[in-house]
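What follows is the residue order along each chain.
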Amino acid sequence: GAGVSQSPRYKVAKRGQDVALRCDPISGHVSLFWYQQALGQGPEFLTYFQNEAQLDKSGLPSDRFFAERPEGSVSTLKIQRTQQEDSAVYLCASIGRGGTDTQYFGPGTRLTVL
Amino acid sequence: RKEVEQDPGPFNVPEGATVAFNCTYSNSASQSFFWYRQDCRKEPKLLMSVYSSGNEDGRFTAQLNRASQYISLLIRDSKLSDSATYLCVVNKASSSNTGKLIFGQGTTLQVKP
């Protein structure tokens, strides 16, 4: 079946612009995670949803970052007033209820802030 | 100090070599342990889970030492296709369904002919 999809795959933004990154999890997957991966580093947790509830947002680096999943399926990560340090790959992962430990990752959105 | 620490490498080895990666984690409450593989410009993919009893999948063997908070991955008979970054990952929850994954920096392996 279809895996996790993300769009856009690449985004170039001028500093100060707002961006919105979309994640379509695997159909029926309850839990959804967002991670940020800087160049040469491992992914770092940003936030976690179970259905539509955002249960953990401890990894969001500032109040410019906002995530939502209003209907418990598609999720959007929004970054307001982008800064150069926001340049990274943003990865989305999902896992089903009572499933294996495997988190399935999407291909990521590569954000470059100029 | 990072919660999960790995030697970033790179490890450059000839085909057929045996190579070992190690990582340490600082949170003793960690419950689940994994190795993920990430190819250049691709997403991480689960390579294998890691158990205290040790587990093997073909040429890959993973081991966990809870007392030392140490995880290892051994790759035997390296293939060119093993070239990638290997990410050590821990999770405080007993299942990734309810907990966030904590990734190490990754160790880069380059297998040469």
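Residues numbered from 1 in each chain as written. Chains lettered and ligands numbered in written order. Predicted model: local features only at pLDDT ≥ 70, side-chain atom pairs only at ≥ 80, totals over all residues. Heavy atoms only, no water.

Undergrad: It is not clear to me how the pairing of strand E8 (residues 70-75) of chain B should be interpreted in this structure. Could you clarify?
TA: One face of the sheet, then the other: side chains in a regular strand alternate in exactly this way. Residues and elements named next belong to chain B. Two strands pair when backbone bridges link them, and strand E3 (residues 19-25) and E8 are joined in this way by six bridges, in the antiparallel orientation. Of the residues in E8, the one forming a bridge with Asn 22 is Ser 72. Pairing of strand E7 (residues 60-65) with E8 involves six bridges; the strand directions are antiparallel. Bridge pairing in E8 places Leu 64 opposite Ile 71. Linkage of E7 to E8, two consecutive antiparallel strands, is achieved through a turn of four residues, within which Gln 69 is found at a positive phi near 55°. (Pairing = 2+ DSSP bridges. Helix = DSSP H or I, 4+ residues; strand = E, 2+ residues; numbered from the N terminus.)

Undergrad: Quick question: what am I supposed to make of the sheet that holds strand E7 (residues 65-68) of chain A here?
TA: What links the strands of a sheet is backbone hydrogen bonding, and the strands pair in either a parallel or an antiparallel sense. All names here are of chain A. Spatial strand order, E1-E3-E8-E7: four strands in an open sheet with antiparallel pairing. Both edges of this open sheet fall to strand E1 (5-7) and E7, since each of them pairs with a single strand only. The average undirected angle you get between the axes of adjacent strands in this sheet is 15°. Across four bridges, the pairing between E7 and strand E8 (residues 75-79) is antiparallel. Paired with Glu 68 across the bridge in E8 is Thr 76. (Axes fitted to C-alpha atoms, helices over the stretch in contact; angles between N-to-C directions.)

Undergrad: Hey, could you run me through the sheet that holds E7 of chain B in this one?
TA: All names here are of chain B. Read across the sheet, five strands follow the order E1-E3-E8-E7-E6 without closing on themselves; strand pairing throughout is antiparallel. In this open sheet, the two strands that pair with only one neighbour each are strand E1 (4-6) and strand E6 (55-57). With direction set aside, neighbouring strand axes in the sheet form an average angle of 20°. Direction of pairing for E6 relative to E7: antiparallel, over a ladder of three bridges. Residue pairing across strands places Asp 57 opposite Phe 60, the latter belonging to E7.

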